[in-house]
Amino acid sequence: MGDTLEFNEIYQEVKGSWNDGRLRFGKQNVVYKSTKTGKVDNITASEINLAQWRRVCLGHGIKLGTNSGQFYKYDGFRDTDLEKISEFFKANYKVEVTEKDMCVKGWNWGTAKFSGPLLSFDINDNSAFEIPLSNVSQCATGKNEVTLEFHQNDDTEVSLMEVRFYVPPSQTDERQDPVEAFAQNVLTKADVIQATGDAVCVFKELQCLTPRGRYDIRIYPSFLHLHGKTFDYKIPYTTVLRLFLLPHKDQRQMFFVISLDPPIKQGQTRYHFLILLFSKEEELSITLNMSEEDVERRFEGKLSKNMSGSLYEMVSRVMKSLVNRKITVPGNFQGHSGAQCITCSYKASSGLLYPLERGFIYVHKPPVHLRFEEISCVNFARGTTTTRSFDFEIETKQGNQYTFSSIEREEYGKLFDFVNAKKLNIKNRGFKEGMKGKIDEYSDSDEDKHDAYLERMKAEGKIREEGNDSDESGGSESDESFNPGEEDDDIAEEYDSNASPSDSSDDGEGGSDDGSPKKKKTPKKVKVVKERKERKPRREKKQKDKGGPKRPMSAYMLWLNASREQIKSENPGISITEISKKAGEMWKQLGKEDKEEWDEKAVEAKKNYEILKKEYMESGGGAAAAAAASSSKKESRKSAGKKEEKKRKSGGGDKERERSGGDSSFKSKEFIPTSSDSSDSEHKSKKSKRKKKESEEEEEAASTPASSEADSD
């Protein structure tokens, strides 16, 4: 038999939800740690006085009782585990593990027994079900009836809302009402928040970031009361999971964070964290509403009746004593700027990421706490907008991913060393270790920095060049066989609308002039140039009327103008590009109701613009702009017409020269014309003469009507 027994995937019922965890039986104590919340149950071995083995819905379970009246139930064991656990309990705890059957008859008539914090409903001395009284949120009585209401857990798909017990009238004891006695037994152990008596102390007008506002915090012995102008929250100390005291990056403020499970609710909103912000310079003196003897007996020297000091110290000290939990502070991590946190963005908001000794916490919107135990791996990624920042990604074992972006590149080395020292799995470790030299380059100038994107673009350009070379080598026959004299015969002349590939050889397949059969030419690449249409004069831009009213802005631009200063103040040193990006992300995150407010403002601005524009036009303000626009259009049309006329006149002679003597400019001195070449040149000269004659006839026809009209006049 070893010193310890350990079991994985052991379940514990927490307010209607089954949370799995790890259970360890040691010689000195029994320790259970929840996988979901990290909460630890530590039961001293000498305190255990009861151990029951039971058949439950998740296999088998064990119920442990202590001398103080507390009960702990853990389910998920196998049938074969009973023997090992029984021997271990006998040898180390001197406690006999007894087997207890549960009643499954389905009867609803039995006996209610109160055993400390448990209400057990028994049928024939066997338990049918048990209710932890700490789950009870309200207890109401009626005639012969008691109704129990329960705290709700958001993680459960099906929740138990209430249970009603019928209590028959007592025949023996007429002095005490059995319904009232039943209710009193429930209320003594139930988690019912009753603000009876005076508060131990009150902190006035504390700044709260989550939920946002100014709240008076009243400290009661069993719960915390947040009293604001709009909402009130009552937080039992049993729901407080952890306490954090974190220094702000400016070294002038402090965050006090209270982690809650289950969270406080306001409508559909859930607040898992209560975040208070204090100034280090604020001082406070308080007097506890208790006698010195009660303070000494209750808090054992942790608090005194009269205390003074910094406000954040007073609040954290009182909370630590009442909740009885340690306060977590940042460890040895120190960033590039000397602070114990890193400025970054999560989702659409900017905040601070604190690397702790056992996890990470992000403050403040929305707050995130990630323990090292639930982290599967981390990843360092390059920033999407600029090379001066990087992203830090965390992936949990449940498959959730958290991306903290816009971290300054100077923080890279510090954060990488911290993650490496904590032995977290780095997703891109091989890549980063290969780039170890580039970790140092990360803080150098941009000129010396390796740019992966630039290298990739260079490689793609090289591939494209090689592809072009291969295309040229594959089609080299046409380039090498290029002969200016021959090629010109087969290509239609540019700007010649009547030219076609067949114009150069009217004979077709019939042969040459001397009657010899002509071989059919191999088809060559023919460049067909379409007739160039006359260009229309470029349309002039509409003249802007500078004296008119300014056009209205959209809803987004109105919101951006109102929020730009806030974005700059929350992100000092941010560039204009990053402001636009962050504003776009924030606009997407805005709710429908918030956007409707700016939509209404945009509609109102448009209405005002229409009114001003109408008044401006009626007063003749737009006439000058219209006249200027029309005159500029006329001038542009005149200049365009003159250019076209000049081009037409100069282009005619050039075309004739090209048609008549264009071939000779390409032929070398050694060129000896063949019969086919001479016939082609003769054909071309005939063609040019024919076209010239046709153009002269057209000019004559055009001038005749004008002269006849002059004669008639």
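Refer to the structure presented above.
Rules of the game
- Residues numbered from 1 in each chain as written.
- Predicted model: local features only at pLDDT ≥ 70, side-chain atom pairs only at ≥ 80, totals over all residues.
- Heavy atoms only, no water.
- Core = buried A, V, L, I, M, F, W, Y, C linked by side-chain atoms within 4.5 Å.
- Buried < 20%, exposed > 50% of the residue type's maximum accessible area, 1.4 Å probe, protein only.
- Helix = DSSP H or I, 4+ residues; strand = E, 2+ residues; numbered from the N terminus.
- Lys, Arg positive; Asp, Glu negative; His and termini not counted.
- Salt bridge = Lys/Arg side-chain N within 4 Å of Asp/Glu carboxyl O.
- Contact = heavy atoms within 4.5 Å.
- Phe/Tyr/Trp six-rings, centres within 6.5 Å; stacked < 30°, edge-to-face > 60°.
- Pairing = 2+ DSSP bridges.
- Axes fitted to C-alpha atoms, helices over the stretch in contact; angles between N-to-C directions.
- Expected span 1.5 Å × (residues − 1).
- Arc of directions from axis to C-beta.

### Brief notes about the nonpolar core
Consideration 1: Counting residues in hydrophobic clusters, the biggest one holds 40 residues, and the most contacted among them are Phe203, Ile219, Leu224, Phe256, Ile258, Val315 and Val318.
Consideration 2: Of all the elements, helix H4 (residues 311-323) adds the most residues to this core, at 8 residues.
Consideration 3: The next biggest cluster of nonpolar side chains, apart from the first, holds 26 residues, and it includes Phe372, Tyr412, Leu415 and Val419.

### Notes on the side chain of Asp75
Consideration 1: With respect to the secondary-structure elements, Asp75 resides in strand E7 (residues 71-77).
Consideration 2: It is Arg54 that comes nearest to the buried, bridge-free Asp75 among opposite-charge side chains, at 5.4 Å.
Consideration 3: Those residues in contact with Asp75, other than ones at most four positions away along the chain, are Ile10, Tyr11, Trp18, Val56, Leu58, His60, Gly61 and Ile62.

### Some words on the pattern of salt bridges
Consideration 1: Applying the stated criterion across every chain, the model contains 16 salt bridges.
Consideration 2: A salt bridge links Arg22 to Glu6; the nearest nitrogen and oxygen atoms lie 2.4 Å apart. Pair noted here: Arg22 is in strand E2 (residues 17-25) and Glu6 is in strand E1 (residues 5-14), with a separation of 16 residues, a long-range link.
Consideration 3: Between Lys601 and Glu597 there is a salt bridge; the shortest N-O distance is 3.7 Å. On the criterion of helical spacing, the pair formed by Lys601 and Glu597 is a turn pair, its members being 4 residues apart in helix H13 (residues 592-618).
Consideration 4: Judged by its relative accessible area of 39%, Lys601 falls in the partly exposed class.
Consideration 5: Sharing partners across several salt bridges, the network here consists of Lys33, Arg371, Glu373 and Glu374.

### Focus: the packing of aromatic side chains
Consideration 1: Scanning all chains against the criterion turns up 33 aromatic pairs.
Consideration 2: Where Phe121 meets Phe129, the ring centres are 5.1 Å apart and the plane angle is 15°; that geometry is what we call stacked.
Consideration 3: Each ring, one from Tyr346 and one from Phe404, has its centre 5.3 Å from the other, and the planes form 35°; the classification is tilted. Taken together, the residues Tyr346 in strand E25 (residues 342-346) and Phe404 in strand E31 (residues 401-408) connect sequence positions 58 residues apart.
Consideration 4: Look at Phe404 and you get buried, because its relative accessible area is 1%.

### Thoughts on the sheet that holds strand E11 (residues 126-132)
Consideration 1: Strand order across the open sheet formed by 3 strands is E9-E10-E11, with antiparallel pairing between neighbours. The open sheet has two edge strands with one neighbour each: strand E9 (111-115) and E11. When strand polarity is set aside, the average angle formed by the axes of neighbouring strands in this sheet is 25°.
Consideration 2: Inspection of the sheet shows E9 paired to strand E10 (residues 118-123) by 5 bridges, in the antiparallel sense.

### Focus on helix H12 (residues 576-589)
Consideration 1: Taking 1.5 Å per residue, 14 residues should reach 20 Å; H12 reaches 20 Å between its end C-alpha atoms and fits that length.
Consideration 2: Within the sequence span of H12, burial applies to Ile579, Lys582, Ala583, Met586 and Trp587. Buried residues in H12, looked at end-on, bunch into an arc of 140°, giving them a common side. Turned more than 90 degrees away from the buried face of H12 sit Thr577 and Lys588, all of them exposed.
Consideration 3: On the buried face of H12, the contacting elements are E25, helix H11 (555-570) and H13.

### Quick notes on the sheet that holds strand E13 (residues 145-150)
Consideration 1: Ordered in space as E12-E13-E14, the 3 strands form an open sheet in which the pairing is antiparallel. Each end of this open sheet is capped by a strand with a single partner; those strands are strand E12 (136-142) and strand E14 (162-166). Between one strand axis and the next, the sheet turns through 15° on average, direction left out of account.
Consideration 2: Across 5 bridges, the pairing between E13 and E14 is antiparallel. The residue of E14 that forms the bridge with Glu145 is Tyr166.
Consideration 3: The strands touched by helix H2 (residues 178-189) within the sheet are E12, E13 and E14, with E12 carrying the most contacts at an inclination of about 170°.

Note that all results are geometric; they support no functional claim without further evidence.
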